Amino acid sequence: MMPRTLFALLVVIVVVNGKDPCICTAEYDPWCGEEGGTYSNLCWLKCAGDEIEGHDTCENIEECLKAYPEPPSENEVCAEYGITFDSIEEMECHNLSFVHDGECDGEASTTDQ
């Protein structure tokens, strides 16, 4: 008899501060929030009401930033999610995609927010 493999997608429903319930998967795709916490995926970050800092663990982002002199360059760049960074190097440490040179003008990216 062949072994059977069951695949299950764990879905968790959480109610936060009386808000609508969050339904997030258990997928691990780390995101760092502006409040300094690492979330297992973007859904959990949004569910917590935090804002995006970067697409990696907060620890990895901090380590990457330490590798660059202050400031790495002085050319602001706009990244996905409408986040402005002081330099392309800073944006790269946050693992976000380039949108255009200069400050973001409140525009949202085409990426799921």
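Refer to the structure above for everything that follows.
Just so it is clear, the model here is predicted, and its values are computed rather than measured.

Thoughts on the state of the cysteines
Move 1: The final tally for this structure, using the stated rule, is 5 disulfides.
Move 2: In this model, C24 is linked to C43 through a disulfide, with the two sulfur atoms separated by 2.0 Å. Judged by the sign of its S-S torsion, about -75°, the bond between C24 and C43 is left-handed. Of this pair, C24 sits in strand β2 (residues 22-25) while C43 sits in helix α1 (residues 42-47), placing them 19 residues apart in sequence.
Move 3: C24 gets classed as buried once you look at its relative accessible area, which sits at 1%.
Move 4: Linked covalently through their sulfurs, C64 and C93 form a disulfide whose S-S length is 2.1 Å. When the S-S torsion is -70°, as for the bridge of C64 with C93, the disulfide is left-handed. Residue C64 is found in helix α2 (residues 58-66), and its partner C93 is found in helix α3 (residues 88-93); the two are separated by 29 residues along the sequence.
Move 5: Disulfide partners in the protein, listed by the sequence order of the bonded cysteines, are 1-5, 2-4, 3-6, 7-9, 8-10.

Structural notes on the packing of aromatic side chains
Move 1: Counting across every chain of the model gives 1 aromatic pair.
Move 2: Between W31 and Y81, the aromatic rings sit 5.6 Å apart at their centres with planes inclined by 90°, giving edge-to-face as the arrangement. Of the two residues, W31 is situated in strand β3 (residues 31-33) and Y81 in the loop between β6 (77-79) and β7 (83-85); the sequence distance between them amounts to 50 residues.
Move 3: Take W31: its relative accessible area is 4%, and that puts it in the buried class.

Some thoughts on unusual backbone geometry
Move 1: Positive phi, normally seen in glycine, also occurs at Y81, with a value near 70°.
Move 2: Within the chain, N95 stands out as a residue other than glycine whose phi angle is a positive 55°.
Move 3: Structurally, N95 can be placed in the loop between α3 and β8 (98-101).
Move 4: Exposure remark for N95: the relative accessible area of 39% places this residue in the partly exposed category.

Concerning the environment of I23
Move 1: Along the chain, I23 turns up in strand β2.
Move 2: Classification of I23 as exposed rests on a relative accessible area of 54%.
Move 3: With 21 residues separating them along the chain, I23 and W44 place their C-alpha atoms 8.7 Å apart.

Cut-offs applied
- Residues numbered from 1 in each chain as written.
- Predicted model: local features only at pLDDT ≥ 70, side-chain atom pairs only at ≥ 80, totals over all residues.
- Heavy atoms only, no water.
- Disulfide = S-S within 2.5 Å.
- Helix = DSSP H or I, 4+ residues; strand = E, 2+ residues; numbered from the N terminus.
- Buried < 20%, exposed > 50% of the residue type's maximum accessible area, 1.4 Å probe, protein only.
- Phe/Tyr/Trp six-rings, centres within 6.5 Å; stacked < 30°, edge-to-face > 60°.

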